[in-house]
Amino acid sequence: MGVPIWWERQNPRTILQPGTAPGQCWAFKGSEACVVIKLSNPVFINNVTLEHIAKNLSPDKSVSSAPRAFEVLGLESVEDANPVHLGNFTYDTDNFKNPVQTFEINQMSTRKSFAYVELKILSNYGHPVYTCLYRFRVHGSLQ
């Protein structure tokens, strides 16, 4: 009858799962949020990947809810008082060919492994109500 009887609620765990259909994201209120991710093992982090849908897949051809500026921190524990700054980055919504964007971590000064990663979304591309994060990945090595 065109009336939904069930709404799927997405939580931060959504950013760890594959899937990039429109709306299959963690939508949070405003343009700032953070999430701490426990890695399966302590990892020497080389890169992180952030993903959003491409403009041409968006129902209204707008991706103003995409994250813009974000920061990545390495932590030894959930309540690490001294997280290590791994970088500040900008997701590029004008990159039509690649909505899956990988960013290099410059960890030369602190060559250590981390059990946790904190992702801080600092801004979006102008949506006044919410920001959508589709997927976040951490790449590195165990040694």
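Placed above this text is the structure.
Participant: What is the right way to look at the nonpolar core in this model?
Facilitator: Counting residues in each nonpolar core, the largest one holds 24 residues, and the members touching the most others are Ile-45, Val-48, Leu-50, Phe-70, Val-72, Leu-119 and Phe-136. Secondary structure elements with two or more residues in this core: strand 1 (26-29), strand 2 (33-51), strand 3 (69-75), strand 4 (84-90) and strand 6 (114-121). Element by element, the count of residues in this core is highest for strand 2, at 8 residues.

Participant: Before we go on, may I ask you to explain empty space enclosed by the protein in this structure?
Facilitator: One pass over the structure, following the stated rule, counts 1 cavity of 30 Å³ or more. Along the walls of the largest cavity sit 14 residues, with Ile-53, Ala-54, Lys-55, Tyr-91 and Thr-93 positioned nearest its centre. Looking at the lining of the largest cavity, its residues break down into 7 nonpolar, 5 polar and 2 charged.

Participant: Looking at this model, I keep getting lost on the pattern of salt bridges. Mind explaining?
Facilitator: Should their charged atoms come close, side chains of opposite charge can pair. Applying the stated criterion to the full structure yields 2 salt bridges. Between Glu-51 and Arg-137 there is a salt bridge, and its shortest N-O distance comes to 2.7 Å. Here Glu-51 is found in strand 2, whereas its partner Arg-137 is found in strand 8 (residues 135-141), with 86 residues between them in sequence. Judged by its relative accessible area of 9%, Glu-51 is buried. A salt bridge links Lys-112 to Glu-76; the shortest N-O distance between them is 2.4 Å. Here the residue Lys-112 occupies a position in the loop between strand 5 (100-104) and strand 6, and Glu-76 occupies one in the loop between strand 3 and strand 4, the gap between them amounting to 36 residues. Look at Lys-112 and you get partly exposed, because its relative accessible area is 28%. Residue Glu-76 is classed as partly exposed on the basis of its relative accessible area, which comes to 49%.

Participant: What am I meant to see in the state of the cysteines here?
Facilitator: Here a disulfide denotes one covalent bond, and it connects the sulfur atoms of two cysteines. Enumeration according to the criterion identifies 0 disulfides in this entry. Among the cysteines around Cys-25, which has no disulfide bond, Cys-132 carries the closest sulfur, lying 3.0 Å off.

Participant: What should I look at first to understand the packing of aromatic side chains in this one?
Facilitator: To describe a pair of aromatic rings, one takes the distance between the centres and the angle between the planes. Following the criterion strictly, the structure yields 4 aromatic pairs and no others. Both rings, one in Phe-70 and one in Phe-103, keep their centres 5.1 Å apart while their planes meet at 80°; by these two values the pair is edge-to-face. Placement of the pair is Phe-70 in strand 3 and Phe-103 in strand 5, with a sequence separation of 33 residues. We note that Phe-70, like Phe-103, is buried.

Participant: Explain the pairing of strand 2 here, please?
Facilitator: Side chains on a regular strand alternate between the two faces of the sheet. Judged from the 7 bridges that link them, strand 2 and strand 6 form a sheet pairing that is antiparallel. Paired with Val-35 across the strands is Leu-119, a residue of strand 6. Here strand 2 pairs with strand 8 via 7 bridges, running antiparallel. By the bridge assignment, Phe-44 is partnered in strand 8 with Ser-141. Bridge count between strand 2 and strand 5: 5 bridges; the pairing is antiparallel. By the bridge assignment, Glu-51 is partnered in strand 5 with Val-100.

Participant: What is the right way to look at the side chain of Asn-124 in this model?
Facilitator: If you trace the backbone, Asn-124 turns up in the loop between strand 6 and strand 7 (130-133). On the basis of relative accessible area, Asn-124 is assigned to the buried category, the value being 9%. Polar side-chain contacts of Asn-124 include one of 3.2 Å to the backbone oxygen of His-127. Among the polar contacts listed, one links the side chain of Asn-124 to the backbone oxygen of Tyr-130, at a separation of 3.3 Å. Contacts of Asn-124, omitting those with residues within four sequence positions, involve Gly-30, Ser-31, Ser-64, Ser-65, Ala-66, Pro-67, Arg-68, Tyr-130 and Thr-131.

Quick notes on the rules
- Residues numbered from 1 in each chain as written.
- Predicted model: local features only at pLDDT ≥ 70, side-chain atom pairs only at ≥ 80, totals over all residues.
- Heavy atoms only, no water.
- Core = buried A, V, L, I, M, F, W, Y, C linked by side-chain atoms within 4.5 Å.
- Buried < 20%, exposed > 50% of the residue type's maximum accessible area, 1.4 Å probe, protein only.
- Helix = DSSP H or I, 4+ residues; strand = E, 2+ residues; numbered from the N terminus.
- 1 Å grid on protein atoms, 1.4 Å probe; cavity = no way out; pocket = protein on both sides within 12 Å on 5 of 7 lines; lining within 4 Å.
- Points joined across faces, edges and corners; volume = space filled by probe spheres on them.
- Nonpolar A, V, L, I, M, F, W, Y, C, P; charged D, E, K, R; others polar.
- Salt bridge = Lys/Arg side-chain N within 4 Å of Asp/Glu carboxyl O.
- Disulfide = S-S within 2.5 Å.
- Phe/Tyr/Trp six-rings, centres within 6.5 Å; stacked < 30°, edge-to-face > 60°.
- Pairing = 2+ DSSP bridges.
- Polar contact = N/O pair within 3.5 Å; in protein donor to acceptor, adjacent residues only side chain to side chain.
- Contact = heavy atoms within 4.5 Å.

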